Amino acid sequence: MAERAGEPPAAGAGAAAGAGAAADTEPAGAPLVVLRGVNKHFGDLHVLRDINLEIARGEVVVVIGPSGSGKSTLCRAINRLEPIEDGEITVDGEPLPEEGRALARLRADVGMVFQSFNLFAHKTILQNVTLGPVKVRKVPAAEARSEAMDLLERVGIASQAGKLPAQLSGGQQQRAAIARALAMRPKVMLFDEPTSALDPEMVQEVLDVMISLARDGMTMVVVTHEMGFARRAANRVVFMADGQIVEQAAPESFFTAPSSDRAKDFLSKILTH
Amino acid sequence: MMIRKLLAATAVAALAVGTAACGSSGSSTTAPKVDKAVKFEAGTTMDKLNKAQKITVGTKFDQPLFGQKNLKGDLVGFDVEIAKIVAAKLGVPADKITWVATPSKVREEVIEQGKVDFVVATYTINDKRKQRVGFAGPYYVAGQDIMVNKDDTSITGPDSLRDGVKKVCSVTGSTPAEKIKTFLKDPAKQLVLFDVYSKCADALKNKQVDAVTTDNVILLGLIDASGGKFKLIDQPFTQEPYGIGLKKGDDKFRAFINDTLEAAAKNGDYEKAWKATAGKVKPQAPKLPVLDRY
Amino acid sequence: MDVLTGNAGVFASGFFVTFQIVLLAAVGALVLGTLVAAMRISPLPPLRWLGTAYVTVVRNTPLTIVFFMTAFGLPEIGVDAGFLRIPLLDSLFTRLGTDVPYFRFAIVALTVYTAAFVCEALRAGVNAVQPGQSEAGRSLGLTFTQNLRLIVLPQAGRATVVPLGSVIIAMIKNSALAGAFGVAGDLFQTSDELTSAQGLPAIPVFIGVAAGYLILTVPLGLLLDRIERSQAVTR
């Protein structure tokens, strides 16, 4: 655990969260995901500024912040969907490789759930879930299939297995996308605003799946505006603005007593409306 | 081919406007003696041309050694010299000749329409054409022949192609291409066709074909341009008598030109004309063929 | 009409030669074009540059020049496209195996030229696939080629069928140039032979030749329409 080695205050806050709010499993051992001195520009825009962040095994980190703060970019950088210019990112001790097979291998261990689901439009729900295990993990088709059905059962859409994505509701699609990511047995799951594209009535069914995942001890990085989820499932809240991590804390202390003005301002805007 | 048709059409159009290509004087390489005192029977074409002191002649502008415009803009070639001989006999000097480009497809037309007084343009005499125009001559008998690389001794004539292995090149849609097929075992394996002869020459140069076939006069031009890389087999296997085309029915003019040719053969002008032009590639001057005085 | 019936054999053999050329060149162009498209969208910059350079050069060069380069440039450097003498295939397409290389050169020229257009049609199709599809594939751990083969191209295919078909139809018509570059007896050349050398009237001859090309292109167009319609349903 980071703070034992006397690491940045960020990690200390994480530990506090770990002791507090949600998970049954205690974060332990070396950090699973480490970002050190990460910088990235989009043209003139400095979207990630000197990001340092460690995520422990089993930890659930919620990243919040105003739009354009760089939180999505941060999330996508962890599996190199966004390459970074400067700094280092390691997953389970391994630095992110350049493009190529090594990167593909590493990505297989990092599950990703997108805002717009991104289910493969030309494949059925079941095929979406089995594709990764069969093509990447080389799991025999029958085995992949039965595991996929279990996962679909778990996210509550086993009856939709034979349908194409376009035939499902948004909430169902996002749950299928979570099942697809889980099928790879990832070490960590990244959620990039997983409920932002959903109709309000479907948000909860997706959050429920995510909460149960957190309870089962999955390491998760979740970019979201769902403060309820953060309170119920997160070990730590990371608040970003202008490409920087402004503050991080356990959910309760963050929501009740944010220390920075930016966070206070942000919270006042989203909590009062 | 399309391009030739287009050129032909362009030429016809140019003639129709009456701008009549260009009237270049031509470089007088031989300069046959102009008969200043000559008199002709009134009303004949000869008399008319002599009095006008002006002649319009159709020839090719792009046929090496026979009728080609060089870079200086001068027309040179055997056909051009033959025309000058006829003009001189009419009492018209070479610089009074107006030259008109007459590609193959427009020759009958320009004669019928009176756009030119006669045509000397590698013009093969045949019965089909005789129905539309008159022919003096022949002044030369061309024939389909074969061109090979200088060091090739394996091909001695069209029969050498019967082995089914040697590859021969010609131009698509041409009579020589049709003719050579009769000597080939399998055209698909032996015949290579391009749209122009210069491509055949390229293919011969880089050894993709063993031979090029068409009329020997065309081959002579290619040999001239090759700088000695190619040679002619010189075994013509068809007869292409070249005549001087003129208006059908103008028998007096036709007889006059025939007489002129015979005279030129006798006084050496004919040989001189050859030596100054095609003779550069084929030094042996031909004998004037037996005239077709029909 | 006599011209058409009397020379049916000539037309048929011309059609057969053209058919062979376009069939082989179409396969070649699809394969090469897919490769170049893969290069153009590859994550590796050198491959991207190579692919882009290929398309830029070939697509902006007149086809006649491409034919010229294959018919006269290749022999110059000692290449007779012998790699196309593929066993078995050359017994099916006998001209592939002959010592006259121009049939092979014609296929090379058409393949090289058409591949640039195939690449661009494919790339347009790939660009029409939402980037999220490829991101999802990548984040599952699919390699670049797996992603292309399993996720992107199958979806690009739908947006690609019609433009790709147009490319092939254009190629069929372009194949007429083969007759001007050494290939004896293709469909277009048939017309030249019958009109110029045999002196047959032009109009019926051209009707016969045009019919030959239509036999190749029209069914292809109809097939494309069908594919497009059947896919509209599944989409």
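Scroll up a little and you will see the structure.
Reading the values: rules and limits
- Residues numbered from 1 in each chain as written.
- Chains lettered and ligands numbered in written order.
- Predicted model: local features only at pLDDT ≥ 70, side-chain atom pairs only at ≥ 80, totals over all residues.
- Heavy atoms only, no water.
- Contact = heavy atoms within 4.5 Å.
- Buried area = accessible area lost by both parts, 1.4 Å probe.
- Salt bridge = Lys/Arg side-chain N within 4 Å of Asp/Glu carboxyl O.
- Polar contact = N/O pair within 3.5 Å; in protein donor to acceptor, adjacent residues only side chain to side chain.
- Helix = DSSP H or I, 4+ residues; strand = E, 2+ residues; numbered from the N terminus.
- Nonpolar A, V, L, I, M, F, W, Y, C, P; charged D, E, K, R; others polar.
- Axes fitted to C-alpha atoms, helices over the stretch in contact; angles between N-to-C directions.
- Parallel < 35°, antiparallel > 145°, perpendicular 65-115°, else oblique.
- Left-handed = near helix turned anticlockwise from the far one by under 90°.
- Pairing = 2+ DSSP bridges.
- Buried < 20%, exposed > 50% of the residue type's maximum accessible area, 1.4 Å probe, protein only.
- Core = buried A, V, L, I, M, F, W, Y, C linked by side-chain atoms within 4.5 Å.
- Domains from an automatic or database assignment.
- 1 Å grid on protein atoms, 1.4 Å probe; cavity = no way out; pocket = protein on both sides within 12 Å on 5 of 7 lines; lining within 4 Å.
- Points joined across faces, edges and corners; volume = space filled by probe spheres on them.
- Phe/Tyr/Trp six-rings, centres within 6.5 Å; stacked < 30°, edge-to-face > 60°.

Trainee: Could you give me a rundown of the interface of chain A and chain C, with the residues and numbers involved?
Mentor: Across the contact, 25 residues belong to chain A and 19 residues belong to chain C. Carbon and sulfur atoms supply 61% of the area that chain A and chain C bury against each other, a total of about 1900 Å² over both sides. Our count for the contact surface shared by chain A and chain C stands at 1 salt bridge. As a salt-bridge pair, Glu135 of chain C and Arg76 of chain A come within 2.5 Å of each other at their nearest N and O atoms. Summed over the shared surface of chain A and chain C, the result is 7 residue pairs in polar contact (both at pLDDT 80 or more). Mapped onto the side of chain A that touches chain C, the elements with two or more residues apiece are helix H3 (101-108), strand E6 (110-113) and helix H4 (125-135) of chain A. At 4 residues, the largest contribution of residues to the side of chain A that touches chain C is made by H3 of chain A. Its residues assigned to classes, the side of chain A that touches chain C shows 13 nonpolar, 4 polar and 8 charged.

Trainee: Could you give me a rundown of the interface of chain B and chain C, with the residues and numbers involved?
Mentor: Facing the 24 residues of chain B at the interface are 25 residues of chain C. Summing both sides of the interface, chain B and chain C together bury roughly 2100 Å²; the carbon and sulfur share of this comes to 58%. Our enumeration of links across chain B and chain C arrives at 0 salt bridges. At the junction of chain B with chain C, the criterion picks out 3 residue pairs in polar contact (both at pLDDT 80 or more).

Trainee: Go over the packing of helix H3 (residues 78-89) of chain B against helix H11 (residues 269-276) of chain B with me, naming the residues and quoting the values.
Mentor: Residues and elements named next belong to chain B. Close contact between H3 and H11 brings their axes to 9 Å; oriented N to C, the two are set at 150°. Between H3 and H11, the crossing angle belongs to the class labelled roughly antiparallel. Seen from above, H3 lies across H11 with right-handed handedness. The segment H3 lies against H11, with Phe78, Glu81, Ile82 and Ile85 engaging Asp269, Tyr270, Ala273 and Trp274. Class assignment of the residues belonging to the contact of H3 with H11 gives a composition of 6 nonpolar, no polar and 2 charged.

Trainee: Run through the sheet that holds strand E7 (residues 188-192) of chain A, naming residues and quoting values.
Mentor: The pairing of strands in a sheet comes from backbone hydrogen bonds and takes either a parallel or an antiparallel form. Residues and elements named next belong to chain A. On the basis of which strands lie adjacent, the open sheet formed by 6 strands has the order E6-E7-E8-E3-E9-E10 and mixed pairing. Each edge of the open sheet carries a strand with a single partner, namely E6 and strand E10 (244-249). Taking each pair of neighbouring strands and ignoring which way they run, the sheet shows an average axis angle of 20°. The sheet contact formed by strand E3 (residues 60-64) and strand E9 (residues 236-241) spans 4 bridges and is parallel. Counterpart to Val63 in the pairing with E9 is Val238. Along the sheet, helix H6 (residues 170-182) contacts E6 and E7; its crossing angle with E6, the most-contacted strand, is approximately 170°.

Trainee: Account for the packing of H3 of chain B against helix H10 (residues 251-267) of chain B, with residues named and values stated.
Mentor: Residues and elements named next belong to chain B. Their axes nearest at 10 Å, the elements H3 and H10 cross at an angle of 110°. In terms of their interaxial angle, H3 and H10 are classed as roughly perpendicular. Taken together, the residues of H10 that come into contact with H3 (itself represented by Ile82, Ile85, Val86 and Lys89) are Phe256, Ile257, Thr260, Leu261, Ala263 and Ala264. A class-by-class count of the residues in the contact of H3 with H10 yields 8 nonpolar, 1 polar and 1 charged.

Trainee: Account for the environment of Leu89 of chain C, naming residues and giving values.
Mentor: Residue and element names in this part refer to chain C. One can find Leu89 in helix H5 (residues 89-92). Leu89 gets classed as partly exposed once you look at its relative accessible area, which sits at 28%. Spatially, the C-alpha atoms of Leu89 and Leu24 are 10.0 Å apart, while their sequence positions differ by 65 residues.

Trainee: Any chance you could break down the nonpolar core for me, citing the residues and the numbers?
Mentor: Grouped together as the largest cluster of nonpolar side chains are 106 residues, with contacts concentrated most on Leu90, Phe118, Tyr139, Tyr140 and Ile244 of chain B together with Tyr102 of chain C. When residues in this core are grouped by element, the largest group, 10 residues, is from helix H6 (residues 102-128) of chain C. When residues of this core are assigned to domains, at least three fall in each of domain 1 (3-141 + 241-280) and domain 2 (144-232) of chain B. In contact with Tyr140 of chain B, other than residues within four places in its own chain, are Phe66, Phe78, Asn216, Val217, Glu240, Pro241, Tyr242, Tyr270, Trp274, Pro286 and Pro289 of chain B.

Trainee: Quick one: what's the story with the layout of surface pockets, residue by residue and with numbers?
Mentor: The volume enclosed by the second largest pocket comes to roughly 710 Å³. Forming the walls of the second largest pocket are 27 residues, and the residues nearest its centre are Ile41, Ser42, Pro43, Arg138 and Phe144 of chain C. Where the lining of the second largest pocket is concerned, the elements lending two or more residues are H3 of chain A together with helix H3 (45-59), H6, helix H7 (131-139) and helix H8 (144-174) of chain C. Broken down by element, the residue count for the lining of the second largest pocket peaks at 5 residues, all from H8 of chain C. Partitioned by chemical class, the residues of the lining of the second largest pocket number 13 nonpolar, 8 polar and 6 charged.

Trainee: Break down the packing of aromatic side chains for me, with residues and values.
Mentor: Residue and element names in this part refer to chain B. Scanning the model with the defined rule gives 27 aromatic pairs over all chains in all. With a centroid separation of 5.8 Å and an interplanar angle of 55°, the aromatic rings of Phe66 and Tyr140 are classed as tilted. Highlighted residues: Phe66 in the loop between strand E2 (62-63) and strand E3 (67-69) and Tyr140 in strand E7 (residues 133-142), separated in sequence by 74 residues. Just as Phe66 is buried, Tyr140 falls in that class too. Note on Phe66 and Trp274: the rings are 6.4 Å apart at their centroids and 80° apart in plane angle, and the pair reads as edge-to-face.

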